[in-house]
Amino acid sequence: MTHDQPRPEPPLADPDTDPGYYQLRLYVAGQTVKSLAAMANLRKICEEHLAGHFEVMVIDLVENPQLAAGDQILAIPTLVRRLPTPLKRIIGDLSNTERVLVGLDLRPKDTSR
Amino acid sequence: MSPDATNLGTLPKAPTGIAGLDDVTLGGLPTGRPTLVCGAAGCGKTLLAMTFLVNGATQFNEPGVFMSFEERAADLTANFASLGYNLDGLVAEGKLAIDHVRVERSEIEETGEYDLEGLFVRLGYAVDRIGARRVVLDTIESLFSGFTDPSILRAELRRLFGWIKDRGLTAVITGERGDGQLTRQGLEEYVSDCVIVLDNRVEQQITTRRLRVVKYRGSAHGTNEYPFLIDGQGLSVLPVTSSGLLRPVSNEIIPSGIPGLDAMLRTGGFYRGSSILLSGVAGTGKTTIGSHFVDAACARGERCLCFVFEEGAEEICRNALSIGLDLRKRVESGLLRFEASRPSLFGLEMHLARMHRDLDSFKPDMVVLDPISAFRGPPSEVHATLLRMLDLLKSRGITSLFTSLRTEATEAEGTDHGLSSLMDVWIKLLDIEANGERNRILYLVKSRGMSHSNQVREYRVTDSGIELIEAYIGSEGVLTGTARLTQEARERAAATRRLQEVERRRREIARRRNILERQIEELRANLEVEEEEARKLLTEEEAHETTLSADRAAVAARRGAAE
């Protein structure tokens, strides 16, 4: 199951030309346990699955509360996939790697979910 | 709003500015606490919530945050523009913030532990930005469709309401009505300070909106279901309560506008603030008599409000013109207003509510309900509605005139919606059919607090108004119409005959007197003639005597000389 839809290592990416480029935003609120876990989990997943094809912006809503409305953030932490479209929201501390990959469309949706 | 620190006995309240709701809640919603407003779809929850915010921003200098989980800000703005609320303007002034929270399940993937801190951040940010004192969450239950784990949501909601209390925000939380409980997700578990239920009931195809304060911790409140209106002026709640019998009374007498009717009362009119019932069968001129009352009141400079249920205002004005009353002029002068509607257009409650609102806005001195018999429904409800209307009018000292159509059926059952005993004055209009014609009579069944005629009066509708005539009561009973005219003619003829007889006698006496006087004249003339003759004889005698004595003296002298 982990080997279906293999991704060949692409050349270094450019968001304008690379259809597989991932633009991600991680919204957290302060340095909470969940936030720290989410950041660590995200780093791991990106390095394993999206090496070179992504950018991550971490937004701390405690510092920038005005940014919460723009991406319709309710749950914390929330990972927003801005690119590729459509926009996706992945909430939680990203500890369930399978779910994260489904959410990022790196795995086909499991019907048993 | 002012947190009334000096008055420790009462809970501080944030007025809603919604007509009636502040009366029902005795001042408004609890300050610094969340209030739950629940009801089925289309009940007016969002409207109530938004009105609370807009009034807060415009009337009480309390900015507010509207967090919408359903409608987008642009839609809200467009919807409320129809009520004259300029939401964009308030937003620009920093008195209102609208945050649309969109929850789309398909876009969300749950991957572990999370909380709703984002909601807190957004709300907190909006509150801080404009210094909000009021918050609306409409409808927070939408969150339950966006997240799979209700236990997290419940924990977070509990935390949210706690947070709202900690921040001292007066909040309105709306919720959809659920089966067997007030809201689908049991929000009443968390928001327990004040719960208001809105309801939109359809009975016999007629919709009535109702509002009820289910609980209000720490405060008394009206407990009934109160009808409320949503119209072009927004939302208004109508606390139509029975005010009991403690009400001011007036000794002022106001004439009815029909001289003959006033003459039947020793006081020459009715007490101001009394209730008058005009009952009669079809075509007895109930509305016409009502028009007289109205015209007379307007002529005194009083304000009149007529609720008419069977005719339009124009029809009544035209018909009144035919008896010489120009009601249109009164309408134009602003003293008279007609509110015409079919009784079936609204439920009874709604009629009452509308009347209540119209009374508040027009502030009339006299109110006419024409006719109350048009109200249909379960008798007990109709009676209760009219009783409350009557109480309402009496409590405000408004003179009221009710007309009621009597049919043979109601006559038999004796049902006037049971109102006749509550009225101060009851004028009964009857028509009598005899001699192939129909005539109208009226009498006063009662008139509280004044002596009044017990006589039946016939009345006619003439070009110059209603005219009362004393009915003829003779051995054959009450005579009206031509029977009365015939009888009157007969009496007139008899009177003329008597008059002629007297005249004849008088002439006879005069004639006799003339004759006698003439005879006296004649006798006196005769007497004078006789007296004249006697006098003449006497004078002649005297002259003769004088001559004789002179002669005798002359003879004697002569004799003496000769001797």
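What you see is a predicted model; the values in this text were computed from it and never measured.

## Observations concerning the overall build of chain A
Scanning chain A from N- to C-terminus turns up two helices and four strands. The secondary structure elements of chain A, listed N-terminal to C-terminal, are β-α-β-β-β-α. The buried share of chain A, taken over its 113 residues, is 34%. Considering only contacts within chain A whose residues lie at least 6 apart along the sequence, 63% involve residues at least 24 apart.

## Considering unusual backbone geometry
In this structure, the amide linkage connecting Ile76 of chain A to the following residue, Pro77 of chain A, adopts the cis form with an omega of -5°. In the segment running from Asp138 of chain B into Thr139 of chain B, the intervening peptide bond is cis, with an omega of -15°. Mapped onto the secondary structure, Thr139 of chain B falls in the loop between strand 7 (134-138) and helix 6 (143-146). The phi dihedral of Leu26 of chain B falls on the positive side, at around 55°, and the residue is not glycine. Residue position: Leu26 of chain B is located in the loop between helix 1 (21-24) and strand 2 (29-30). Look at Lys363 of chain B: it is not a glycine, yet its phi comes out positive at around 50°. Topologically, Lys363 of chain B is positioned in the loop between helix 12 (348-362) and strand 18 (366-370).

## Points about the pairing of strand 7 of chain B
Residue and element names in this part refer to chain B. Most of strand 7 sits out of view: five of its five residues are buried. The alternating pattern of strand 7 places Arg134, Val136 and Asp138 and Val135 and Leu137 on opposite faces, both of which are buried. In this structure, strand 4 (residues 64-68) lies alongside strand 7, joined through five bridges in parallel fashion. Residue pairing for strand 7: Ser68 is matched across the bridge by Asp138. Pairing of strand 7 with strand 8 (residues 170-176) involves four bridges; the strand directions are parallel. Each residue of the ladder has a partner; that of Arg134, found in strand 8, is Thr170.

## Brief notes about the pairing of strand 23 (residues 465-470) of chain B
All names here are of chain B. Summarising the sheet, strand 22 (residues 457-462) and strand 23 pair through six bridges and their orientation is antiparallel. Its bridge partner lying in strand 23, Arg460 is registered against Glu467. In sequence, strand 22 turns back onto strand 23 through a hairpin of two residues.

## Notes on the interface of chain A and chain B
Facing the 29 residues of chain A at the interface are 21 residues of chain B. Those elements that provide at least two residues to the side of chain A that touches chain B are strand 4 (88-91) and helix 2 (97-103) of chain A. Split by residue class, the side of chain A that touches chain B holds 17 nonpolar, seven polar and five charged. Across three bridges, strand 4 of chain A lies against strand 6 (residues 108-110) of chain B in parallel orientation. Following the sheet pairing, Arg89 of chain A is matched in strand 6 of chain B by Ile108 of chain B.

Cut-offs used in this document
Residues numbered from 1 in each chain as written. Chains lettered and ligands numbered in written order. Predicted model: local features only at pLDDT ≥ 70, side-chain atom pairs only at ≥ 80, totals over all residues. Helix = DSSP H or I, 4+ residues; strand = E, 2+ residues; numbered from the N terminus. Buried ≥ 20, exposed ≤ 12 C-beta atoms within 10 Å, placed from the backbone. Contact = placed C-beta atoms within 7 Å. Pairing = 2+ DSSP bridges. Nonpolar A, V, L, I, M, F, W, Y, C, P; charged D, E, K, R; others polar.

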